[in-house]
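Observations on the model geometry
Each chain is listed here by its residues.
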Amino acid sequence: MQKTVLNPIHVELGARLVEFGGYEMPVWYSSLTAEHHTVRQRAGLFDLCHMGRYEITGDRAVEAVDAVVTNHVARMKTGQIRYSLVCNEQGGVRDDILIYRLPDRVWLVVNAGNRDKLLGWFGDHLTGPDVTFRDRSDELAMIALQGPLAESLLAPHVSTTWVEDLPSLGYYKISDAVLRVGGKERSGWISRTGYTGEDGFELYLPAEEACDAWRDLQEACGDVVEPCGLGCRDTLRLEAGMPLYGHELDEETDPISAGLTFGVRLKKPNGFIGQAALARIAEEGPTRRLRGFVVEGKRPARQGATVHWGDRQVGIVTSGSPSPTLGHPIACAFVASDVPDDAALEVETRGSRSPLRPTPLPFYTRER
Amino acid sequence: MADVPGDRRYLSSHEWAIEQDGTITIGITAHAAEELGELVFIDLPKVGSEVSAGESFGEIESVKAVSSLNSPISGTIVEVNDELESSLETIGESPYEGGWMLKVQPSDPGEYEGLLDADAYASQLDG
């Protein structure tokens, strides 16, 4: 099992550590639910160093990336970030990623569990003259501060040149950044992105300074900020209706069925891997689609639980958990497209059934 | 280091059993409760149903995960702690007392002696 550069911090803080995507990661430090509420109400600090950070440079960088991702990189402005899928030829999802357009390069941030797979895939496809692919995961640390107080807490300590200041950094935008905490200046980048459904930022800093930066940042922000583990990251993203690879997405699942059409540019010129297959699915209509449900009762519906419409099995749960914000279990499930929206569905766990109440995704939207 | 009382026996899957007046009370250890974190659901069997040594008798769920509950011994359930369903925090607060789950009339009293004693279970936690 690999460790991130921030692992000593997790050990020091007494985190409960588990394996995730090949890395030893904190699932919680004190309490999953408390950390969840911290992010919804104040701000939480996350280690995201397990994610893959890839860089593509060269005159053909944009063109090369456009051929392997579903979103349209050439149409992105400098400083812009977009959600995208990387698909196989059949339209199945190899990974869901973020694409960053920096002045002279493109970054791709990918899921930890898909790092090695994509390293091979991108190694094969992001090649040729004027394209240089580089894995920067181990040299750049990635730390997130997520929650409604994130901007006011960070702004006094961050200066930028691509934008006037931190508050003027827009949603899904990236800037260069100098972080001034603990009497030190650390240069890197900052983006207004996240996976929690709250406002928040992700910082990209030199790996060798990650532990000190984390400590200094926590010190500078004070007690309102708490370290948060991947456990609450999962409940936060589920409430926010965001997919998790290995749950809502995999090589056999296409993004159109998963409700991610916004990240797919079917008419992109010059094409991309999986385009023909996705165009066909879009035209014929997916045979199943991802839907949100409130689970009646206390028992959460978990991944793999079957969804039933009377005698007919019509679907399968992809993610399910108690929702700390809403106070009852919620679940996402793939359900056959011919099942009406108001059909009375049930989820089955170990032979016992609980009613499902259809709910539009996302389950939770922050007030702006 | 979690508390491991010496007055009872254990399964390596973190359940305890204690013999009192011919019946055996079953629950999960402080270590197990700590590992699970915040509990959200428990599924216990009904009085009168049978349990088998080493086999699952129910499930317990934290926010994050589902865990199977295994019976240390075989027998017939004579009492179920129905209060747990509405007060799951008792399991974490008092795993060896208020957090008990089942009382079982053993069908093979010899099984109890074959379970891990406190030292054996505690050394497993150290490992």
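Counting of residues starts from 1 at the beginning of each chain's written sequence and follows it residue by residue. Key to labels: chains lettered from A, ligands numbered from 1, both in the order written. Note on the predicted model: pLDDT of at least 70 is required for a residue's local features to be given, and 80 or more for side-chain atom pairs to be given and counted; whole-chain, interface and lining totals, by contrast, use all residues.

**Observations regarding the nonpolar core**
For the record, the criterion: We define a nonpolar core as a collection of buried residues of the types Ala, Val, Leu, Ile, Met, Phe, Trp, Tyr and Cys that are connected via C-beta atoms lying within 7 Å of each other. As a rule, residues whose C-beta atom has 12 or fewer other C-beta atoms within 10 Å are exposed, those with 20 or more are buried, and those in between are partly exposed; C-beta atoms are placed from the backbone. By definition, any uninterrupted DSSP run of H or I lasting at least four residues is a helix, any uninterrupted run of E lasting at least two residues is a strand, and each is numbered from the N terminus. Contacts here follow a simple rule: the backbone-placed C-beta atoms of the two residues must lie within 7 Å.
Val65(A), Ile99(A), Val106(A), Ile143(A) and Ala331(A) are the most contacted members of the largest nonpolar core, which totals 103 residues. Of all the elements, strand S19 (residues 328–336) of chain A adds the most residues to this core, at six residues. Apart from the residues within four sequence positions on either side, Val106(A) is in contact with Ile56(A), Ala61(A), Val62(A), Val65(A), Val73(A), Ile99(A), Tyr100(A) and Arg101(A). Counting residues in hydrophobic clusters, the runner-up holds 28 residues, among them Val51(B), Leu84(B), Leu88(B) and Trp100(B).

**Looking at the sheet that holds strand S2 (residues 16–20) of chain A**
Residues and elements named next belong to chain A. Applicable threshold: By definition, two strands form a pair when at least two bridges between them are found by DSSP. Each axis is a line fitted through C-alpha atoms, and for a helix only the stretch in contact is used; angles between axes span 0 to 180 degrees, taken between their N-to-C directions.
Read across the sheet, three strands follow the order S1-S3-S2 without closing on themselves; strand pairing throughout is mixed. On the outer flanks of this sheet lie strand S1 (2–3) and S2, each paired with one strand and no other. Sheet topology places S2 next to strand S3 (residues 23–28); five bridges connect them, and they run antiparallel. Residue glutamate 19 lies in a different strand from S3, and its bridge partner there is glutamate 24. Sheet strands in contact with helix H7 (residues 230–239) are S2 and S3, and its direction is about 70° off that of S3.

**A closer look at the confidence of the model for chain B**
Detailed reading of the predicted coordinates is not advisable wherever pLDDT is low. Put simply, the rule is: pLDDT measures how confident the predictor is about each residue, on a scale from 0 to 100.
For chain B, the average pLDDT comes to 94, and 98% of its residues sit at 70 or higher. Here the prediction assigns the complex a pTM of 0.93, and the interface score ipTM is 0.81.

**A closer look at unusual backbone geometry**
Note the cis peptide between Leu361(A) and Pro362(A), where omega equals 0°. If you trace the backbone, Pro362(A) turns up in the segment after strand S21 (352–359). Its identity is not glycine, yet Asp21(B) carries a phi of approximately 50°, on the positive side. Here Asp21(B) shows up in the loop between strand S2 (15–20) and strand S3 (23–28).

**Describing the environment of Gly58(B)**
Residue and element names in this part refer to chain B. Residue position: glycine 58 is located in strand S6 (residues 56–62). Between the C-alpha atoms of glycine 58 and leucine 36, which are 22 residues apart in sequence, the distance is 15 Å. Excluding its chain neighbours within four sequence positions, the residues that come into contact with glycine 58 are Ile42, Asp43, Leu44, Pro45 and Leu69.

**A look at the interface of chain B and chain A**
Put simply, the rule is: Asp, Glu, Lys and Arg are counted as charged, while Ala, Val, Leu, Ile, Met, Phe, Trp, Tyr, Cys and Pro are counted as nonpolar; the rest, among them Gly, fall into the polar class.
On the chain A side, the residues contacting the nine residues of chain B number 14 residues. Secondary-structure elements contributing two or more residues to the side of chain B that touches chain A are strand S4 (39–43) and S6 of chain B. Here the residues of the side of chain B that touches chain A sort into four nonpolar, one polar and four charged.

**What to know about the domain arrangement of chain A**
Residues and elements named next belong to chain A. Note the following rule: Segment limits for the domains were obtained from an automatic or database-derived domain assignment.
Taken domain by domain, chain A comprises domain 1 (2–51 + 139–238), domain 2 (53–135) and domain 3 (288–368). A C-alpha centroid distance of 24 Å is found between domain 1 and domain 2. Between domain 1 and domain 2, the contact holds 15 residues from the first and 13 residues from the second. Every element with two or more residues in the side of domain 1 that touches domain 2 is listed here: strand S10 (140–146) and strand S12 (174–181).

**As for the sheet that holds strand S1 (residues 9–10) of chain B**
All names here are of chain B. With respect to topology, six strands assemble into an open sheet ordered S1-S2-S3-S9-S8-S5, the strand pairing being antiparallel. A single partner strand is all that each edge strand has here, and the edge strands are S1 and strand S5 (50–51). With five bridges joining them, strand S8 (residues 75–80) and strand S9 (residues 102–106) adopt antiparallel strand pairing. The residue of S9 that forms the bridge with isoleucine 77 is valine 104.

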